[in-house]
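Descriptive analysis of the structure
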Amino acid sequence: MGKLVWISIIIAGLSAFLGERVVNFRKRALASRELVKNHLPNCVPLKNLDRGSEDITILGNGLALISTGLQYPGLPNSDGPGKIFVLDMNDPRLKPVELRMPRNFDLESFNPHGISVYVDPSDDTVNLFVVNHPEHNSQVELFRFVEDDFSLLHLKTIKHELLHSVNDIVAVGVESFYATNDHYFTNAFIKALVEPFLAQPWTNAVYYSPDDVKVVSEGYYFANGINISPDKSHIYVADLFGHNVHVLERKEDNSLVSIKSVDVGSLVDNIEVDPETGDLWLGCHPNGLKMFMFDPNDPAGSEVIRIQNIHSDQPVVTQVYADDGQVLIGSSVAATYAGKLLIGTVFHKGLCCDLNMAAMRKALIAAVVAAFAAFIGHRYLKLMEFSLAYREVPVKHLKCQFLKNIEYGAEDITILRDGLAFISTGLHYPGVPSFSDEPGKLYILDLLHPKPTPVELQIKGELDLSSFNPHGISVYTDESDDSVYLFVVNHPQHKSQVEIFKFVEESTLVHLKTIIHPLLHSVNDIVAVGVESFYATNDHSFPNDALHLLTVLLGLRWCDVVYYSPQEVRVAASGFLGANGINISPDKRYIYAADVIGHDIHVFERKEGEQLVFIKAVAVGSLCDNIEVDHQTGDLWLGCHPNGMKLSNFNPEDPPGSEVILIKSIHSEQPVVSQEYTDDGKVLMASSVAARFEGKLLIGSVFHKALYCDLK
């Protein structure tokens, strides 16, 4: 029984261990990573490189040496020995040429992996170091590159017990180099399956010279690419499963001291160094599991990463190229020369891409982004200017009292000649506060009464009062029988329509008609000119709020005034940033329309056929909402918002203020514009209308209260 318990414990422990190792391996291999394509322009496949181009190194004169045909355990490969190619980067044909190999060298088992060149400063001879795996062993071949006939002379084969699993190499002398061992064990089974599964930082970098062979750096999960800085003072080592590049300082005895590591977020294979800038170019595997478990229907992708300023406190790591395997499978190296980028692979093909065009494209994109940002910044400043966002007004009060029963705004007010005032209240408007969920209402106020008190109007008819949302209003008195008609802009469910009522008793309205028309898509205010005819302002250029905001940001004057009658509907005037209040002169000859964003009042003359002819615009320096006209003097009284930003970004701690402006002699060459009332929002928030009657002034607001003031 005890033996069975122990066996169960061992099995459970082993299962937990195996499960943890599988999770760890998937994490190290970035098994769940999917990348977004990031292609470069003008990438062309290189000819003759159909069996990979595992490592590439470029000489100063533009000749690129390429190793191809690697057969590596666990990865796809083709039959036949490996080869070394040369590519002249200065030749526009970009055709790799196979190097002629020496006869005294075993070509049949040639299996090249990492490569490096060393130019002897004494005679400029080029020595090529090649990691070779004949029968999957590990050794280094030393060749001399003969440029004249594109051939190699084999000089030496280097073997050593410390060079047991060499992946890459960087030459530092005629016969000396640093090399990485990508495995700790030498047994093929343990190397291929057990070691990756254990995923321990056991691999290393070795220094070799004829006089000295030693381990100079260790602690890597999978030491891979290796290279040297242009000034020869630092060595860079890629840790494939560590997803980073290690920076090591060379000492006089060729030992290495770790300085730091730079994370790159990918499985780094080979490292090439730009001799001019010192930038590191990395060929990477974005998903190692796809690489090791090769599936042609879901191939391993490719990724090129660049590290700039690697010795600074903040190196810049940039993804330069990425592909999901549909174009390039298993990228292993990236090397640059004269604005071109060579990308090699373990077993697929090679690409040559145009970095200059990529840089030009990035520069163009950057220029477009910068221009767009500048444009947005400019339009934002313009929006701040339109909204008078920085304006503060000094308080200028009148002797006032609040009107009873008006708690949720008095957005528009209009007064008959006999002193009866109609008031719309309870507006729900997008972007503006509303303190009541109830539908809107209409009130009547007798200004001749010693104690004027608003009384709610009773509405009869088929109008849906549950969605009643009144905005601008206007009255029309039929001179034939003195009937009074009330026109009300209504926004049920934030739509736009006009309701016509007949005022029949002291506190009763009878609903006569609802008017809906495509041109009346965003009606703000209205002025009646007949029993069923009117002018109305559209305060949006489009019914859609986002599109309208875009037109405001762009400064497009696309809001308009529409004329409506049962026989004709048309745009009568345009050119407004934000058409708002509208009214008519006492003699019915002129129409006045407020451009709330333009901070002015437009004056139009009515012509035969209800044509409007623009006369002028009078600047008022505030965001004026509704317009009321004094029946006797013709003066214009404007309810205004001194700071539109405070209105749209409502903050009860810093509320939007109120302002009443009076325009006298508007048709003269020098109209007189005066400020009659101002408040910082502590008394009245967001004034929208001001109407005068016999020394009294009513001031309404969008969503707050209403004031009854004494002008005398």
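Before reading on, note that the structure itself is shown above.
The shown structure was predicted, so the numbers you read here are calculated from the model rather than taken from an experiment.

Parameters at a glance
- Residues numbered from 1 in each chain as written.
- Predicted model: local features only at pLDDT ≥ 70, side-chain atom pairs only at ≥ 80, totals over all residues.
- Heavy atoms only, no water.
- Pairing = 2+ DSSP bridges.
- Helix = DSSP H or I, 4+ residues; strand = E, 2+ residues; numbered from the N terminus.
- Axes fitted to C-alpha atoms, helices over the stretch in contact; angles between N-to-C directions.
- Contact = heavy atoms within 4.5 Å.
- Salt bridge = Lys/Arg side-chain N within 4 Å of Asp/Glu carboxyl O.
- Buried < 20%, exposed > 50% of the residue type's maximum accessible area, 1.4 Å probe, protein only.
- Phe/Tyr/Trp six-rings, centres within 6.5 Å; stacked < 30°, edge-to-face > 60°.

Remarks on the sheet that holds strand β8 (residues 139–146)
- Judged by pairing direction, the sheet is antiparallel, and its 4 strands sit side by side in the order β6-β7-β8-β9 without closing on themselves. Edge positions in the open sheet fall to β6 (112–119) and β9 (151–158), since each of these has one partner strand only. Sheet twist, expressed as the average angle between the axes of neighbouring strands with direction ignored, equals 25 degrees.
- In terms of strand pairing, β8 meets β9 through 7 bridges, oriented antiparallel. Bridged to Phe143 within β9 is His154.

Let's talk about the side chain of Asp279
- Inspection of the secondary structure assignment puts Asp279 in the loop between β18 (267–273) and β19 (280–285).
- Non-local contacts of Asp279, meaning those with residues more than four positions away in its chain, are made with Glu272, Val273, Asp274, Arg306, Ile307, Gln308 and Asn309.

Some details on the pattern of salt bridges
- In total, this model carries 23 salt bridges according to the counting rule given.
- For the salt bridge of Glu659 with Arg391, the shortest nitrogen-to-oxygen distance reads 2.8 Å. Here Glu659 is found in strand β45 (residues 658–664), whereas its partner Arg391 is found in the loop between α4 (355–386) and β25 (399–402), with 268 residues between them in sequence.
- By relative accessible area, which is 1% here, Glu659 ends up buried.
- Its salt-bridge partner being Arg570, residue Glu568 comes within 2.6 Å of it at the nearest N-O pair.
- Among the residues examined, Glu568 registers a relative accessible area of 32% and is labelled partly exposed.
- Assessed through its relative accessible area of 14%, Arg570 is described here as buried.

With respect to the packing of aromatic side chains
- One pass over the structure, following the stated rule, counts 24 aromatic pairs.
- Arranged with centres 6.1 Å apart and planes meeting at 45 degrees, the rings of Phe576 and Phe604 form a pair that is tilted. Taken as a pair, Phe576 in strand β38 (residues 569–576) and Phe604 in strand β41 (residues 600–607) lie far apart in primary sequence, 28 residues in all. The exposure classification of Phe576 matches that of Phe604, with both residues buried.
- Among the aromatic side chains, those forming a connected cluster through ring pairs are Phe105, Phe110 and Phe143.

Overview of the sheet that holds strand β29 (residues 455–456)
- The 4 strands lie next to each other as β26-β27-β28-β29, forming an open sheet whose pairing is antiparallel. Edge positions in the open sheet fall to β26 (412–415) and β29, since each of these has one partner strand only.
- Relative to strand β27 (residues 420–425), β26 is paired through 4 bridges, and the arrangement is antiparallel. When the sheet's bridge partners are listed, Asp412 is paired in β27 with Ser424.

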